[in-house]
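# Remarks on the overall topology
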Amino acid sequence: RYSTDMASMGTTNITLTKTTTSPFGVANDAFVLTDTSDGSALGHNVSDLNLHGTDNNTRTQSIWLKAGTAAFVSLTITGNTNSLANCIVVNLSTGSIASTGANWTSSAIAASGTAGWYLVTGVYPSDNAGRDNFGIQMMTDATTLLYQGDGTATVNAWGAHVYRSDLGGMVDNPDRGDSY
């Protein structure tokens, strides 16, 4: 629904500003997520609830992330989550997946674009268990879902998108010579 523009997504204890360079070098095209809660262990997230419904199809979520002053982030399928089963936890200082929750089918991270940006991708079933949302959540470490805010921590994000991935990819168009 929002493709690369996260400005319309809901926020909790985070502000969004479009003031940093994207993974592909475009100035002021990527978002800085800034912690707004000083000294409290709270949920810090950006989310879009009820993004696509519970139609029992397979979904893929992807987003480019880059460490600011915070390194741990989770990609969630329940917005502000209270369970690691709903998270792909990413360590942006090492460019690695720290854990993939049981409610995800798969996850991947790859350096992409300019230095420090990582494309994080996860696949999951959209079902009737409330797993039909898109969220990015700051974390204190790889296992603590509530972020210990300092009022200044940042993470950079660009290109948030969700798509149905159970359809087999692009359909070939025989009338075009450049089809997939």
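Residues numbered from 1 in each chain as written. Predicted model: local features only at pLDDT ≥ 70, side-chain atom pairs only at ≥ 80, totals over all residues. Heavy atoms only, no water.

## Focus on the overall build of the protein chain
From N to C terminus, the protein chain includes zero helices and 14 strands. Counting from the amino terminus, the protein chain carries its helices and strands in the arrangement β-β-β-β-β-β-β-β-β-β-β-β-β-β. When burial is assessed residue by residue, the protein chain has 43% of its 180 residues classed as buried. A sequence separation of at least 24 residues applies to 67% of the contacts in the protein chain between residues at least 6 apart. Carbon and sulfur atoms provide 49% of the accessible area of the protein chain, an area that totals close to 8,100 Å². (Helix = DSSP H or I, 4+ residues; strand = E, 2+ residues; numbered from the N terminus. Buried < 20%, exposed > 50% of the residue type's maximum accessible area, 1.4 Å probe, protein only. Contact = heavy atoms within 4.5 Å. Areas by Shrake-Rupley, 256 points an atom, 1.4 Å probe, with all protein chains shown as cover.)

## Describing the side chain of N91
Structurally, the position occupied by N91 is in strand β8 (residues 87–91). Among the polar contacts listed, one links the side chain of N91 to the backbone nitrogen of T94, at a separation of 3.3 Å. With residues near it in sequence (within four places) discarded, N91 still touches A71, F72 and S96. (Polar contact = N/O pair within 3.5 Å; in protein donor to acceptor, adjacent residues only side chain to side chain.)

## Let's talk about the sheet that holds strand β10 (residues 106–111)
The strand order β2-β3-β14-β6-β11-β10 describes an open sheet built from six strands, whose pairing is antiparallel. Strands with a single pairing partner mark the edges of an open sheet, and in this sheet they are β2 (14–20) and β10. Averaged over neighbouring strand pairs, the angle between their axes works out to 30 degrees when direction is ignored. As paired strands, strand β6 (residues 58–67) and strand β14 (residues 154–164) are joined by eight bridges and run antiparallel to one another. (Pairing = 2+ DSSP bridges. Axes fitted to C-alpha atoms, helices over the stretch in contact; angles between N-to-C directions.)

## Notes on the confidence of the model for the protein chain
In the predicted model, the protein chain carries a mean pLDDT of 80, and 78% of its residues have values of at least 70. Looking across the protein chain, the model is least confident in strand β5 (residues 45–48), with a mean pLDDT of 71, and most confident in strand β9 (residues 96–100), with 95. (pLDDT = per-residue confidence, 0-100.)

## Quick word on the pairing of strand β3 (residues 30–35)
For β3, the tally of buried residues reaches six of six residues, placing the bulk of the element in the interior. Residues A30, V32 and T34 of β3 are buried on one face, and the alternating residues F31, L33 and D35, pointing to the opposite face, are buried as well. Strand direction decides the pairing type here: β2 and β3, joined by five bridges, are antiparallel. By the bridge assignment for β3, T15 is matched with T34. Here β3 runs beside β14; their pairing, made up of four bridges, is antiparallel. By the bridge assignment, T34 is partnered in β14 with T154.

## Some remarks on the packing of aromatic side chains
All told, the structure shown has four aromatic pairs when counted by the stated rule. When the ring of F24 is compared with that of W64, the centres are 5.8 Å apart and the planes differ by 80 degrees; the resulting orientation is edge-to-face. Of the two residues, F24 sits in the loop between β2 and β3 while W64 sits in strand β6, which places them 40 residues apart along the sequence. Among the residues examined, F24 registers a relative accessible area of 48% and is labelled partly exposed. The interplanar angle of 70 degrees and the centroid separation of 5.2 Å between the aromatic rings of W104 and Y124 together place this pair among those described as edge-to-face. (Phe/Tyr/Trp six-rings, centres within 6.5 Å; stacked < 30°, edge-to-face > 60°.)

## As for the nonpolar core
Counting 27 residues, the largest nonpolar core has M6, L33, I63, L65 and I136 as its most contacted members. Only β3, β6, β7 (72–76), β8, β11 (117–125), β12 (134–139) and β14 provide two or more residues apiece to this core. Core analysis: the next-biggest nonpolar cluster, separate from the first, contains five residues, F72, V89, M139 and L145 among them. (Core = buried A, V, L, I, M, F, W, Y, C linked by side-chain atoms within 4.5 Å.)

## Some words on unusual backbone geometry
Phi at N28 is positive, roughly 55 degrees, even though this residue is not glycine. Assignment of secondary structure puts N28 in the loop between β2 and β3.

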